[in-house]
Amino acid sequence: MLQPSRTPRVDIVVAVTLLALAGLVWWESRRIAPPFFDPLGSAAFPRAAAILISALATVVLIRAAMGLRLGVRPPTIPYRPRPDLAIGVVLLAVLYVGAMDLKVLGFPWATMIFVFLSGAALGGFDRRIMAYSAAIAVALGGGCTYLLRDVFYIDLPF
Amino acid sequence: MTLDLLDALVFVLTPVPLFWLLLGVTAGIFVGAIPGLSGGMLIVLVMPLTFYMDSTFALVLMIGIYVGSVSGGLISATLLRMPGTPSSIMTTFDGYPMARDGKPGRALGLGIGSSLVGGLIAGIFLVVLSPPLSRWATTFGPWEYFALVVMALVLIAAISQGSMIKGLLAGILGVAVAMPGLNESDGQLRLTLGFHALDNGFDLLPVLLGVFVMSQIIKDALEIEKRAIPLTLGSAPVWMRLADLRRHGMNMLRSSVIGTWIGILPGVGASISSMVAYGVARSVSKHPEEFGTGSEEGIVASETANNANVGGALIPLVTMGIPGSPMDAFLLGALILHNIQPGPLLFQTNKALVWAMIAAYLIGNVAMFLIMTLSVRWVGRLINVHRAYLLPAIFFFCVIGAFALSNRMFDVWVVIGFGVVGFALERANIPLGPFVIGFVLSRILEGQLRSALMSSGGSLDELFTRPIALTFLVVSLAMLAYPLIDPWRRRLRNHAQVKQRRSP
Amino acid sequence: MMSFGKTILAAMSAAAAMAFVAPSGAAAAYPEKPIRIIVPTGAGGAMDGIARIFERAFEEHKILPQRMVVVNMDGAGGTIGTRAIKDAPPDGYTIGLWHNGLVTSAAMGVTDFDHSAFTIIGSTGFAVMGLAVKADGPIDSFKKMIEMSKAQANSVKVAVNIGLPVHFIPLTVASKAGVEMRMVQVGGGAKRLASVLGGHTDVALFSVQEFLKYEPSGLKPINVFSKERAPLVPDVPTAVEMGVDVQATDSRIWLAPKDVPPDRIAYLVEAFKTAMSKPDVKERLEGFGINSNFIDPVTLTEELDRTRAEVVPLVAKARALPQ
């Protein structure tokens, strides 16, 4: 019944992470107070979830290991993947939110910088795309901020 | 009932609701047509913008987006060979070949017409089935709800694409992610790791923004070079003739019923509906060999079923507060954000709202048909817009939306965190649909079981003595056991055939 | 059109006039920027509605020279918001609005602070609450409920939201009447309604406003917990009349962080009193089922102390019970 996984390497990483997560949930659930006001208590569900997750993650792990041994290859894709851009976008997002959380930059400025930089990077620093990105950055960081904060009264970050 | 429906139809046709509906449908068609954007994303993104809107208008807008986005996907499926939304995957197989062979107008026209027919037939089921179902559901107590949610989780895990193990894993992971924070059943904190920021756990909206929107941003960045040149529509007329209704009538009816039924099943989305309907259409077709090469029947089956699914999936949402598809999980979240308690009493306590939702769905389908027919030429040109313009803006709206929920930066960090989580899960082929459904249903699952146990003083007996609850449980067990039994049964059958051949 | 010089003159004389009227010292300028009201629920709830009534009143009647701005901080039974109020700088520019849950959250151990960790500004009224049953159900009166529980312990099921006043008030009733009633976690008001009407539980706590709203659906009030009968439901007896001495209200409590200068608090108290004297404010508050009388901090603190004294032993007792 066990069929080898089609994405063995990713599966192994995810399965091991999930096992660690299940362990953490189990560990933390020991601090939950014994049941009061109800018969079951708050620890039962997290523990059940931890057990089920570790069981299923183990199955995924075994199948992935079988896939590795059989040398299963992921299907080929007709374009060049850009992991650098994927990581870059996440990093820019972290910097964007971090700058506002630590109150280094205000919302309008942080937004303009983020939108322009990530747009430019995603567009391969093509000049035309950069020009448009700059326009979008100003529209969002300036115009949209005004619209949301002063017209719709939506609270914005710092 | 008829009066309520008429009132609601008239209400939705008044200028303000109609404006929101048309806006929703149009925006839905666009995000549906652009690969890498989806209706779910848009619904989650507009949710915070509707905080201060009238709740009925907000729901009308979101239903418009829902209907539009499921339909818009067929444009890119046909012209770009990329499904604009997952629900139009099956349309690519026949829509694109047909368009490539010089009949793009015909392919689009059939798709749009089928979408309307599927949507309306499901609408009839929605109108007729919902009131009695909701009356039936008022008899549900905690045991029934617990068993129903168990069934929903098993069902979505079993039917979701890929392996059942990973579907289950996704569902339970979703349940687990909803565990930290203040627990309703005994009013205690748990799994907060000592951080007060986690006292409320992970909120629905930031998690949805992360898993559905942020993860898609990461994925789109990774696949930024995945581009295709769209076929041009030229001046080909986009029309479906009335004669087509006769020619494809059976197929439409069958696919609508399949789509509606799969929609009603809790948690199963439109892509499954269209796959099943497509498969059935091929197996009963007189020309099964044409499927995949530009078969009209294929387009009709796929597009009828995915729109019918929308109507079907609204049924458990409005009658029981259980989402019929991942998109309905967002609508459920929107109801809760607007302080409306979903559940069987909705038909009594918020009658006007429920009927307005149903009316918005019906009128939304007609609006979708008109807007699609008139605008398909422009949308066809826009679908290839460079992602570099879209992705940063989308994240900007994520930040605003997550922060507006409760004025905490923590929620914005949750978006980024769950974006990475969602991306990793998808890479490992662990489906996000069951994850979100598990997350949304987790509170009901645990809360109802614990309420039931409090009510019975700790005894489990009632789970087995109450017929409805027991039925739900038996169905779930059967679905769990099926993949274990099936290969074994097949082997037995093969064995028998081999034996037969040996002894003629 | 006024000339530039005249404008400046006018502004200067206005400033001079204000300096004479306002108390001296640093507080003279208070408030010189908008005051944030933290509401520990999402936008659109009953609590949020009350805060927005005042946000609007302060602006429309020009009671404050600055705006008051509602900031919603939902989560963890309101404790995310109350913690933010407590930890805000004590300058009078951050205040908040909450209810008696402040005490019960502390009793349940969710927070490590209760009302004594705040400067209490006062209450802008309270909602009368009471128990209600299904109109054609087995229980038809408060007396019947107590009798049934006496005859057989735990035979009456109460739909509650554990750890909140809707849970502790019925618990106090049971404890004072010397009976056992079975508390079943159900959740918020709409869920309690569904549970009682569906016959899954027998009794639940609702506000008088909910009594009226859900009466057509088949809800029947059996008592109120106010000192005297509520004018909106004059036929419904109080718990005290029925021989069970439980009085409880659902107060709208305005809070500020500890150590806000007393003159700023006094300024705010005056502002609230002024706002509540306006007929349109009174009317809107009554729309939310609120008896709108300003309750001073001393009376309010006594009430909260009393609630604490009732609730803490109930939690301790539950923790000691083997489940």
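Each value, and the rule that gives it
- Residues numbered from 1 in each chain as written.
- Chains lettered and ligands numbered in written order.
- Predicted model: local features only at pLDDT ≥ 70, side-chain atom pairs only at ≥ 80, totals over all residues.
- Helix = DSSP H or I, 4+ residues; strand = E, 2+ residues; numbered from the N terminus.
- Buried ≥ 20, exposed ≤ 12 C-beta atoms within 10 Å, placed from the backbone.
- Contact = placed C-beta atoms within 7 Å.
- Rg over C-alpha atoms; globule rule 2.2 N^0.38 Å.
- Nonpolar A, V, L, I, M, F, W, Y, C, P; charged D, E, K, R; others polar.
- Core = buried A, V, L, I, M, F, W, Y, C linked by C-beta atoms within 7 Å.
- Axes fitted to C-alpha atoms, helices over the stretch in contact; angles between N-to-C directions.
- Parallel < 35°, antiparallel > 145°, perpendicular 65-115°, else oblique.
- Left-handed = near helix turned anticlockwise from the far one by under 90°.
- pLDDT = per-residue confidence, 0-100.
- Expected span 1.5 Å × (residues − 1).
- Pairing = 2+ DSSP bridges.
- Right-handed = clockwise from strand over helix to strand, strands pointing away.

## Concerning the overall build of chain A
Consideration 1: When helices and strands are counted, chain A shows five helices and zero strands.
Consideration 2: Per-residue burial for chain A yields a buried fraction of 35% across its 158 residues.
Consideration 3: In chain A, the share of contacts with a sequence separation of at least 24, taken over all contacts with a separation of at least 6, comes to 64%.

## Structural notes on the overall build of chain B
Consideration 1: Along the backbone of chain B there are 21 helices and two strands.
Consideration 2: A compact globule built from 504 residues should have a C-alpha radius of gyration of about 23 Å, and chain B, at 23 Å, falls within 12% of that.
Consideration 3: If one aligns the C-alpha atoms of chain B with their principal axes, the spans along those axes are about 75 × 70 × 50 Å.
Consideration 4: Burial analysis of chain B (504 residues in total) assigns 65% to the buried set.
Consideration 5: At a minimum sequence separation of 6, the contacts of chain B that also span at least 24 residues come to 79%.

## A short note on the interface of chain B and chain A
One frequent convention defines the size of an interface as the accessible area lost when the parts assemble.
Consideration 1: Chain B puts 56 residues into the contact, and the matching count from chain A is 58 residues.
Consideration 2: Only α8 (164-177), β2 (188-190), α9 (204-222), α17 (387-406), α18 (409-427) and α19 (432-456) of chain B provide two or more residues apiece to the side of chain B that touches chain A.
Consideration 3: The dominant element in the side of chain B that touches chain A, judged by the number of residues it contributes, is α17(B), at 12 residues.
Consideration 4: Looking at the side of chain B that touches chain A residue by residue, the classes come out as 39 nonpolar, seven polar and 10 charged.

## A few points about the nonpolar core
Consideration 1: I53(A) and L169(B) are the most contacted members of the largest nonpolar core, which has 327 residues in total.
Consideration 2: Among the elements that line this core, the one with the most residues is helix α16 (residues 351-382) of chain B, at 18 residues.
Consideration 3: Ignoring any residue separated from it by four or fewer positions in sequence, one finds L169(B) in contact with I53(A), L56(A), A57(A), V60(A) and I430(B).

## Digging into the interface of chain B and chain C
Consideration 1: Facing 36 residues of chain B, the contacting portion of chain C comprises 35 residues.
Consideration 2: When contributions to the side of chain B that touches chain C are tallied by element, the ones reaching two or more residues are β1 (181-183), β2, α15 (346-349), α17 and α19 of chain B.
Consideration 3: A per-element tally of the side of chain B that touches chain C places α19(B) first, with five residues.
Consideration 4: In the side of chain B that touches chain C, the residues fall into nine nonpolar, 21 polar and six charged.

## A short note on the packing of helix α6 (residues 104-137) of chain B against helix α11 (residues 249-264) of chain B
Residue and element names in this part refer to chain B.
Consideration 1: Their axes nearest at 9 Å, the elements α6 and α11 cross at an angle of 55°. With respect to their mutual orientation, α6 and α11 come out oblique. Like other packed secondary-structure pairs, α6 and α11 cross with a definite hand, here right-handed. Listed contacts from α11 to S114, V117, G118, I121, A122 and F125 of α6 are M252, L253, S255, S256, G259, T260 and G263.
Consideration 2: Here the residues of the contact of α6 with α11 sort into six nonpolar, seven polar and no charged.

## Notes on the confidence of the model for chain A
Consideration 1: Summary statistics for chain A give a mean pLDDT of 87 and a share of 89% for residues scoring 70 or more.
Consideration 2: Looking across chain A, the model is least confident in helix α5 (residues 127-151) of chain A, with a mean pLDDT of 86, and most confident in helix α3 (residues 83-101) of chain A, with 95.

## What about α17(B)?
Consideration 1: If you check α17(B), its first and last C-alpha atoms are 30 Å apart, about what 20 residues at 1.5 Å a residue would give, namely 28 Å.
Consideration 2: N407(B) sits one or two residues past α17(B) and shows a positive phi near 55°.

## Digging into the pairing of strand β4 (residues 118-134) of chain C
All names here are of chain C.
Consideration 1: Of all 17 residues in β4, 17 are buried; the element is thus mostly enclosed.
Consideration 2: Where β4 meets strand β9 (residues 249-257), eight bridges bridge the pair, whose relative direction is antiparallel. Opposite A127, over in β9, you have D250 as the bridge partner.
Consideration 3: Bridge analysis of β4 against strand β7 (residues 203-207) gives five bridges, and the strand direction is antiparallel. Among the inter-strand pairings, M129 is bridged to a residue of β7, identified as S207.
Consideration 4: When β4 meets strand β8 (residues 219-221), the two strands line up antiparallel, connected through three bridges. Across the sheet, K134 pairs through a bridge with L219, a residue of β8.

## Brief notes about helix α14 (residues 326-337) of chain B
Residues and elements named next belong to chain B.
Consideration 1: Along its 12 residues, α14 runs 17 Å from first to last C-alpha, staying within 8% of the 16 Å computed at 1.5 Å per residue.
Consideration 2: Across the 12 residues of α14, 10 count as buried, placing the element largely inside the fold.
Consideration 3: For α14, the complete set of buried residues consists of P326, M327, D328, A329, F330, L331, G333, A334, L335 and L337.
Consideration 4: Next to the buried residues of α14 lie α3 (39-46), α4 (55-79), α9, α13 (296-320) and α19.
Consideration 5: Downstream of α14 by one or two residues, N339 has phi in the positive range, about 60°.

## Details of unusual backbone geometry
Residues and elements named next belong to chain A.
Consideration 1: Residues other than glycine seldom take positive phi values, yet K103 does so here, at roughly 55°.
Consideration 2: Looking at the secondary structure, you find K103 in the loop between α3 and α4 (107-122).
Consideration 3: Residue classification places K103 among the exposed positions, given that 9 C-beta atoms sit within 10 Å.

## Some details on the environment of A49(A)
Consideration 1: Note on placement: A49(A) falls in helix α2 (residues 44-70).
Consideration 2: When the C-alpha atoms of A49(A) and V25(A) are compared, they prove to be 8.6 Å apart, with 24 residues separating the residues in sequence.
Consideration 3: If we skip the residues at most four places from it in the chain, A49(A) touches V25(A), I172(B), V175(B), A176(B) and M179(B).

## Here we look at the packing of α4(B) against α14(B)
Residue and element names in this part refer to chain B.
Consideration 1: Put simply, α4 and α14 touch, their axes get as near as 11 Å, and they point 170° apart. When the axis of α4 is compared with that of α14, the two are roughly antiparallel. Along the contact surface, α4 presents A58, L59, M62 and Y66, while α14 presents M327, L331 and A334.
Consideration 2: Partitioning the contact of α4 with α14 into residue classes produces seven nonpolar, no polar and no charged.

## Section: the confidence of the model for chain B
Consideration 1: Here chain B averages 88 in pLDDT, and 95% of its residues register 70 or above.
Consideration 2: On the interface metric, ipTM, the complex scores 0.93, and its pTM is 0.85.

## Quick word on the environment of L56(A)
Consideration 1: Structurally, L56(A) can be placed in helix α2.
Consideration 2: Spatially, the C-alpha atom of L56(A) lies 9.5 Å from that of L18(A), the residues being 38 residues apart in sequence.

## A word on the pairing of strand β5 (residues 157-160) of chain C
Residue and element names in this part refer to chain C.
Consideration 1: The two faces of β5 match: K157 and A159 on one face and V158 and V160 on the other face are all buried.
Consideration 2: Two strands pair when backbone bridges link them, and β5 and strand β6 (residues 182-185) are joined in this way by four bridges, in the parallel orientation. Within β6, the position partnered with V160 by the bridge is Q185.
Consideration 3: In terms of handedness, the path from β5 via helix α6 (residues 165-177) over to β6 forms a crossover that is right-handed.
Consideration 4: With two bridges connecting them, β5 and β7 associate as parallel partners. When the bridges of β7 are listed, A159 appears paired with A204.

## A closer look at the environment of V310(B)
Residue and element names in this part refer to chain B.
Consideration 1: With respect to the element layout, V310 can be found in helix α13.
Consideration 2: With 35 C-beta atoms packed within 10 Å, V310 lands in the buried category.
Consideration 3: Leave out the neighbours within four places in its chain, and V310 touches Y66, V67, V70, G119, A122, G263 and A270.

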